[in-house]
Amino acid sequence: MLIIYSLVLSLLICESHSLSFGNAGIGSKLHRDQQEAKTRRALVEERLLKKPGIELAEHVHKPKAGVGSGFGSNGLSDLKFSVAQEQAATLRKDGVIRIDNAVRRESALALGAQVLSDLKVAQGMIEAGEIDARHVLGMEPERKCRTELLLSFTMLADKTDGNKIVTDILQELIGEYGSVRQLYEQMVSEKGTLYDFAALVTEPGSDRQQLHSDMPFHTKPALYSIFVALQDVSMAMGPTVFLPGSITADIQSEFSFLGSRDDFCASQQPYFALLKAGDLVMYDPRVLHCGSANLIAGGSTRMMFNLGFRNPEFVGDMGYEGSIRPDYSGRISLGDITARLQASAGTGTGGQAKYGAYKRKKKTKKGKAAGAQGEAVGEEALVHLQNQDRACAVL
């Protein structure tokens, strides 16, 4: 079934965008010429980068027990909180970190199948004129064989099978025992605003990108995003290439100067995110990176779940448009989502305990009151989002 969906979507995504976007699609000669020039430059950079490329590996952290600082551990064990601190230090230094088995493999594969199904429905609705393509597909459809599905938040309230799949994966990521819950609280706190909520899909024939940052350089980190692999990623499928450590002002300045860019590329060691289903990378969008080519010979559909939160300490325009439905932008925080997830988890753990099993602590009266308040806030925010989604409830 996945193979059939993949073949159908290859045709839909790679050949029919001019139906959805008119003169702005890949049928536009100017757009096509620009994309061809970018691809030629990307191939030059690929030849210049050091060989061979290295697989981006998960860092082995050795946390110290009893460490407690930052935004707080929310009652989880000191061990897990300390692991998050070690991960945060690596992320601040390198701009990217890999975490294996962040969600269960079966959860990742199930979400991948759902994304393919929803994309097919979305394309049909767009071609029938029922919805605006940019409300559900973002900007990526203007690129050859590359698109993104902007996800709906009704999944946290609607208990249909499709919505439950995404609820489950959110529980495993940022639920009470989620694999990156503590890390996100270290980086953006519970006040971090949802900025990316989508699924990125590339098909065979998707060209290599130029090295780039997702935003202009800022001295303060503005955003942290994750990509969760929804299937195993091979070299032929076009894994993301990262240059760890390239978030400093000096490196960004050297890269931005065209006269030194070739020399810069020749001095850099590329790292490939060859992830297994359920693995993820969390990255600072300032880090230099690019998508490599999804090859026609040997490649296949590559899907990544994209979740990102804005740093509340960053003020102003970050110069980057998030992969998120417009009605969601700036309306919901990490704390809103985690409160709703905790309420929906019942007495279960609410997610995968990546670093071991932890006993739930008994709540005090004060803790119960705070929890009820948090759940109310989460419910209010998500009911609002559900109402915003009614025009696209089928997705």
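Residues numbered from 1 in each chain as written. Predicted model: local features only at pLDDT ≥ 70, side-chain atom pairs only at ≥ 80, totals over all residues. Heavy atoms only, no water.

A. Looking closely at the packing of aromatic side chains. Applying the stated criterion to the full structure yields six aromatic pairs. Both rings, one in Phe227 and one in Tyr283, keep their centres 5.6 Å apart while their planes meet at 10 degrees; by these two values the pair is stacked. Residue Phe227 is located in strand β5 (residues 223-229), and its partner Tyr283 is located in strand β8 (residues 280-283); the two are separated by 56 residues in the primary sequence. The same class applies to Phe227 and to Tyr283, which are both buried. (Phe/Tyr/Trp six-rings, centres within 6.5 Å; stacked < 30°, edge-to-face > 60°. Helix = DSSP H or I, 4+ residues; strand = E, 2+ residues; numbered from the N terminus. Buried < 20%, exposed > 50% of the residue type's maximum accessible area, 1.4 Å probe, protein only.)

B. Representation of the sheet that holds strand β9 (residues 289-291) in the model. Taken in spatial order, the four strands make up an open sheet running β1-β7-β6-β9, and their pairing is mixed. Of all the strands in the sheet, the pair left with one neighbour each is β1 (54-55) and β9. (Pairing = 2+ DSSP bridges.)

C. Looking closely at the pattern of salt bridges. Inspection of the entire model under this criterion finds 16 salt bridges. One salt bridge connects Arg181 with Glu185, and the closest N-O pair in it is separated by 2.7 Å. Within this pair, Arg181 and its partner Glu185 are both found in helix α8 (residues 181-188), separated by four residues, close to a single helical turn. Note on accessibility: Arg181 and Glu185 belong to one class, buried. (Salt bridge = Lys/Arg side-chain N within 4 Å of Asp/Glu carboxyl O.)

D. Highlighting the nonpolar core. Residues Leu173, Ile174, Tyr184, Met282 and Phe305 are the most contacted members of the largest nonpolar core, which totals 52 residues. For this core, the element with the most residues is helix α5 (residues 105-127), which contributes eight residues. Listed in part, the 15 residues of the second largest apolar core include Val96, Met237, Phe242 and Val287. (Core = buried A, V, L, I, M, F, W, Y, C linked by side-chain atoms within 4.5 Å.)

E. Seen up close, the environment of Tyr328. Relative to the assigned elements, Tyr328 resides in the loop between β10 (302-310) and α11 (334-344). You can call Tyr328 buried: its relative accessible area is 0%. Taking C-alpha positions, Tyr328 is 9.7 Å from Asp196, a pair spaced 132 residues apart along the chain.

F. Inspection of the environment of Ala236 at higher detail. Among the secondary structure elements, Ala236 is positioned in the loop between β5 and β6 (240-242). The buried category is assigned to Ala236, whose relative accessible area is 17%. If we ignore the near neighbours within four places in the chain, the residues touching Ala236 are Ala293, Asn294, Leu295, Gly298 and Gly299. (Contact = heavy atoms within 4.5 Å.)

G. Highlighting the side chain of Asp336. With respect to the helices, strands and loops of the structure, Asp336 is situated in helix α11. Engagement of the side chain of Asp336 in a polar contact is seen with the backbone nitrogen of Ser333, the distance being 3.0 Å. (Polar contact = N/O pair within 3.5 Å; in protein donor to acceptor, adjacent residues only side chain to side chain.)

H. Looking closely at unusual backbone geometry. Note that the residue after Lys51, namely Pro52, is joined by a cis bond; omega there is -10 degrees. Note that Pro52 resides in the loop between α3 (29-48) and β1. The phi dihedral of Asn101 falls on the positive side, at around 55 degrees, and the residue is not glycine. Relative to the helices and strands, Asn101 is located in the loop between β2 (96-99) and α5. With a relative accessible area of 49%, Asn101 lands in the partly exposed category. If you check the backbone angles, Ser189 has positive phi at about 65 degrees while not being a glycine. Summarising the element assignment, Ser189 is placed in the loop between α8 and β4 (193-202). Ser189 gets classed as buried once you look at its relative accessible area, which sits at 7%.

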